[in-house]
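Fold and contact review
Listed below, chain by chain, are the residues.
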Amino acid sequence: MQTGTVILVILSAIAALAIVLFQYYFRSKRKGSLKAVLAALRFLALFCIFLLLINPKFTKNEYVLEKANLVLLLDNSSSLNRVEEKRQTEEILRNLLTNRAINENFRLSAHSFGKFLNNSDSLTNTEKVTNISKALATTNEIYGKTPTAVVLVTDGNQTLGEDYEFYGKNQQSPIYPMVLGDTTQYADISIDQLNTNKYAFLKNKFPIEIYISYQGTEPVSTLLTIALEGNTVYRERMNLTNTDNAKTVNTLLTANSVGVKEIKIKVSSLENERNSANNERTTAVEIIDEKTNIAIITEVLHPDIGALKKAIESNEQRSVVIKNPGTPIADLKEVDLFILYQPRRSFREILNYIKDKAAAKFTITGTKTDWDFLNSIQNSFTKSSYNQSEEVSPVLNSGFTIFDISGLSIEDFPPLNSYLGEILIPKSFETILDQKIKGVELNEPLLSVIGGDTEKEGVLFGENIWKWRAQSYRNEQNFKNFDDFLGKIIRYLSTREPKSRLSLDYQNTYQGINDASISATYFDEAFLFDNNANIMLSLKNRDSTFSRDIPMLLMNGYYKVDLSNLPAGVYNFTATVENENISKSGSFTMLDFDVEKQFFSSNYRKLERLAGGTGGSFYFPAETENLIGDLLKDPQFVPIQKSNQNVVSLVDFRILLAIIVSALTAEWFIRKYNGLI
């Protein structure tokens, strides 16, 4: 407490005493003990009032020892499932956690990781992928604001995510890799990558591309075989050396029958090869005998045409041809869906043909559309065009129910060009996207689907849809968001099946390294999404050795079940809505592929470069004591003692108020009782 404050407190006591002496002893002639009691109460009240006004404070110092973080990241992937690696990991973890000096100088925390960083150090070594860069990025987000040392216990073989060697440049904390596994480089031949289509068409040939690599010093010879449904359909003998150590094989296979076909690729093992798991790869192709033929009818050159063709043909089941309105009708007999791009009067014959055939169509309008002609030749929609061009932004209609659009993201989608005008759709329709101009929602459709089960059409009131596909790539580094969305529109328009309250979304084949899941959307009788449904998935493999009933979990606008932990095999499933006579069935193939088994030796050189790039050091399991010594000697991790000054009031004002009220109340009652008032 400062000297000035002490003097004020003393003066307050003197002032309170002087006032009491004046009131009870100078002015009053009454004697006895009662006067002393009243004077004491008056003095206490006055002194507390003065203290409340002065508010005396004192400074309190608190000392805190701030330690650096020591984060242990433990690789939990199946590539470290061998006994020796497990023993090494447990020993490293035990030595660090039980070291007294480490605990005195660091705040320790341990996490395991595979695909993601886990909030636990328990190891099962069952993770199917290793994402080291994701683990480092998450660690950086959590601990990056305080001094931190990261001990990375791994074999250095990453199977998913950004290259961690280059990500290390963004790391704020030094990384100390502890290398597990065998560092000896053995002679090894492997199938590094396998590319093929998901679908092929009956009686057609489909391509397959195989990348083979060799690590070793001596020349070797190996035999490549490709088996389709167990029958060998391709053989090739290849010679590899330490300089000519990679081969690419391209061949075509014939689709002879419908169904999901398993393809097994194998290269013969080398003599005394330690790791033969990477000598085989399995994939699957679905052979189909149907193909959707789509014709884009246009007489204008526009980037939208190329974007539509690319997006639609991203699904191998669809074929797109570009025709002008003058194309003979005989050449369009096999078309399943017509996309009419900015119709003009030259479209009259084709529009009449579509009307007579009751074919599905998707109309895209824009600044070159002849609205007088289009309004007169069809009755699905009309527009009172003012011939004034405007930029129209999309607004997603979350209440759309015809098919699932929950995965659609229109973030940062640029506006389309369209003419202003009132739109009238006399038929039944649902809007996918509404219009917004200069931030104002117009309650006018931008993209809608019209009609029912037997006659369907779609309409987009704007051009420059190619910009949406480009923005989709900018957002996610791929076109999947836009292509999948357009694919759902094409599938709906080209399908004549009745609208179903239950729809399923799944793939026919899943690689072991991918997320396997089945999604479902379910609508009530009014075709509104029902978020109170109980949907059960009954799953059984073809051999009847596996059977399980799994409830589908409600997500954001759809139901989903995760199947990523299923063993390899062919599975049949049925999704059933409880208390409703509604179900749907399907099948898929889970391929037997564990990418972690492709590695036998540790990638210690890459870990060494990571350590050097972040200011850390590189160690082997036998050098744990060296790691501990280096951490304790590093000046940036020395604990820092910090002091915090807290200015605290000498007496709580609530206590002073309580004393003042109590003293004055007691004085008043005593005076009242004794007839002094």
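Scroll up to find the structure this text is about.
Presented here is an overview of the structure given in this document.

Parameters and conventions
Residues numbered from 1 in each chain as written. Predicted model: local features only at pLDDT ≥ 70, side-chain atom pairs only at ≥ 80, totals over all residues. Heavy atoms only, no water. Helix = DSSP H or I, 4+ residues; strand = E, 2+ residues; numbered from the N terminus. Rg over C-alpha atoms; globule rule 2.2 N^0.38 Å. Buried < 20%, exposed > 50% of the residue type's maximum accessible area, 1.4 Å probe, protein only. Pairing = 2+ DSSP bridges. Axes fitted to C-alpha atoms, helices over the stretch in contact; angles between N-to-C directions. Core = buried A, V, L, I, M, F, W, Y, C linked by side-chain atoms within 4.5 Å. Contact = heavy atoms within 4.5 Å. 1 Å grid on protein atoms, 1.4 Å probe; cavity = no way out; pocket = protein on both sides within 12 Å on 5 of 7 lines; lining within 4 Å. Points joined across faces, edges and corners; volume = space filled by probe spheres on them. Nonpolar A, V, L, I, M, F, W, Y, C, P; charged D, E, K, R; others polar. Phe/Tyr/Trp six-rings, centres within 6.5 Å; stacked < 30°, edge-to-face > 60°. Patch = residues over 30% accessible without salt bridge, like charges linked within 9 Å, V, L, I, M, F, W, Y side chains within 5 Å. Areas by Shrake-Rupley, 256 points an atom, 1.4 Å probe, with all protein chains shown as cover. Salt bridge = Lys/Arg side-chain N within 4 Å of Asp/Glu carboxyl O. Arc of directions from axis to C-beta.

**Regarding the overall build of the protein chain**
When helices and strands are tallied, the protein chain shows 14 helices and 32 strands. The globule rule puts the C-alpha radius of gyration for 677 residues at 26 Å, and the 39 Å found for the protein chain is more than 25% above it. Its C-alpha atoms give the protein chain principal-axis dimensions of roughly 130 × 80 × 50 Å. The proportion of buried residues among the 677 residues of the protein chain is 45%.

**Considerations on the pairing of strand β9 (residues 220-228)**
Within a regular strand, side chains alternate between the sheet's two faces. Here nine bridges tie β9 to strand β10 (residues 231-240), and the two strands are oriented antiparallel to one another. Across the sheet, L228 pairs through a bridge with N231, a residue of β10. Once β9 ends, the chain turns through two residues before running back antiparallel as β10, passing E229 with a positive phi of about 55 degrees. Inspection of the sheet shows β9 paired to strand β12 (residues 259-267) by five bridges, in the antiparallel sense. Across the sheet, I226 pairs through a bridge with I265, a residue of β12.

**Topic: unusual backbone geometry**
Positive phi values are uncommon outside glycine, yet E229 reaches one of about 55 degrees. In this structure, E229 sits in the loop between β9 and β10.

**Things to note about the sheet that holds β9**
Within the open sheet, the five strands sit side by side as β7-β13-β12-β9-β10. Their pairing is mixed. Two strands in the sheet have a free side with no partner beyond their single neighbour: β7 (199-201) and β10. Strand-to-strand twist of the sheet, defined as the mean angle between neighbouring strand axes without regard to direction, takes the value 25 degrees.

**Section: the nonpolar core**
Counting 39 residues, the largest nonpolar core has I339 and I432 as the members making the most contacts within it. Looking at which element gives the most residues to this core, the answer is helix α11 (residues 480-494), with seven residues. When sequence neighbours within four positions are dropped, the list of residues in contact with I432 reads V395, L396, N397, F400, F403, I405, L447, S448, V449, F485 and I489.

**A look at empty space enclosed by the protein**
Empty space among the atoms becomes apparent when a probe as large as a water molecule is rolled across them. Under the defined criterion, the tally for this structure stands at two cavities of 30 Å³ or more. Looking at the largest cavity, its volume works out to about 60 Å³. Taken together, F362, L447, L460, I465, W468, F482, F485, L486 and I489 make up the full set of residues lining the largest cavity. Broken down by element, the lining of the largest cavity gets its largest block of residues, four residues, from α11. A class-by-class count of the residues in the lining of the largest cavity yields nine nonpolar, no polar and no charged.

**A closer look at the packing of aromatic side chains**
All chains considered together, the criterion is met by 16 aromatic pairs. A ring pair is formed by F338 and Y353, whose centres lie 6.1 Å apart and whose planes are at 80 degrees; its orientation type is edge-to-face. Linking F338 in strand β16 (residues 337-341) with Y353 in helix α8 (residues 348-357), this pair joins segments that are 15 residues apart in sequence. Consider the rings of W371 and F381, whose centres lie 6.3 Å apart with planes at 75 degrees: the pair is edge-to-face. Within this pair, whereas W371 is found in helix α9 (residues 371-377), its partner F381 is found in the loop between α9 and β18 (382-396), the two being separated by ten residues in sequence. A network of ring pairs unites the aromatic residues Y506, F546, Y571, F573 and F588 as a single cluster.

**Re the environment of K383**
Here K383 shows up in strand β18. Residue class for K383 comes out buried when judged on its relative accessible area of 4%. When sequence neighbours within four positions are dropped, the list of residues in contact with K383 reads W371, N375, S418, Y419, L420, G421, E422, I423 and F461.

**A few points about a nonpolar patch on the surface**
Together, V6, I7, L8, I10, L11 and I14 make up a nonpolar patch on the protein surface, roughly 530 Å² of accessible area in all. Along the chain, the position of V6 falls in helix α1 (residues 3-26). Its relative accessible area of 36% is what places V6 among the partly exposed residues.

**Things to note about α8**
Those residues of α8 that fall on the buried side of the exposure criterion are I350, L351, Y353 and I354. Angular distribution of buried residues about the axis of α8 spans 160 degrees; they occupy a single face of the element. Across from the buried face of α8, at angles greater than 90 degrees, the exposed residues are E349, K355 and D356. Where the residues of α8 are buried, they touch β14 (292-297), β16, β17 (360-365) and α9. At the C-terminal side of α8, A358 shows a positive phi close to 55 degrees.

**Section: the pattern of salt bridges**
In total, this model carries 15 salt bridges according to the counting rule given. Of the charged contacts in the structure, one is a salt bridge between K361 and E457, with a shortest N-O distance of 3.4 Å. In this pair, K361 is assigned in strand β17 and E457 in strand β22 (residues 456-461), connecting sequence segments 96 residues apart. Here K361 matches E457 in class, with each residue buried. Connected via shared salt-bridge partners are E84, R87 and E91.

**A word on the sheet that holds strand β23 (residues 502-505)**
Judged by pairing direction, the sheet is antiparallel, and its four strands sit side by side in the order β23-β25-β29-β28 without closing on themselves. At either margin of the open sheet sits one strand with a lone partner, and together these are β23 and β28 (553-554). Across two bridges, β28 lies against strand β29 (residues 559-562) in antiparallel orientation. Each residue of the ladder has a partner; that of L554, found in β29, is Y559.

**What about the pairing of β18?**
Here eight bridges tie β18 to strand β19 (residues 416-424), and the two strands are oriented antiparallel to one another. By the bridge assignment, S385 is partnered in β19 with G421. With four bridges connecting them, β18 and strand β20 (residues 429-437) associate as antiparallel partners. For L396, the partnering residue across the bridge sits in β20 and is L433.

**Let's talk about the environment of E218**
Looking at where E218 falls in the secondary structure, it is placed in the loop between β8 (205-215) and β9. You can call E218 exposed: its relative accessible area is 53%. It is 8.5 Å that separates the C-alpha atoms of E218 and A187, two residues lying 31 residues apart in sequence.

**Regarding the side chain of E85**
Turning to its location among the elements, E85 is positioned in helix α3 (residues 83-97). Given the relative accessible area of 5%, E85 is considered buried. The residues touching E85, leaving out its near neighbours within four places in the chain, are L80, L180, G181 and D182.

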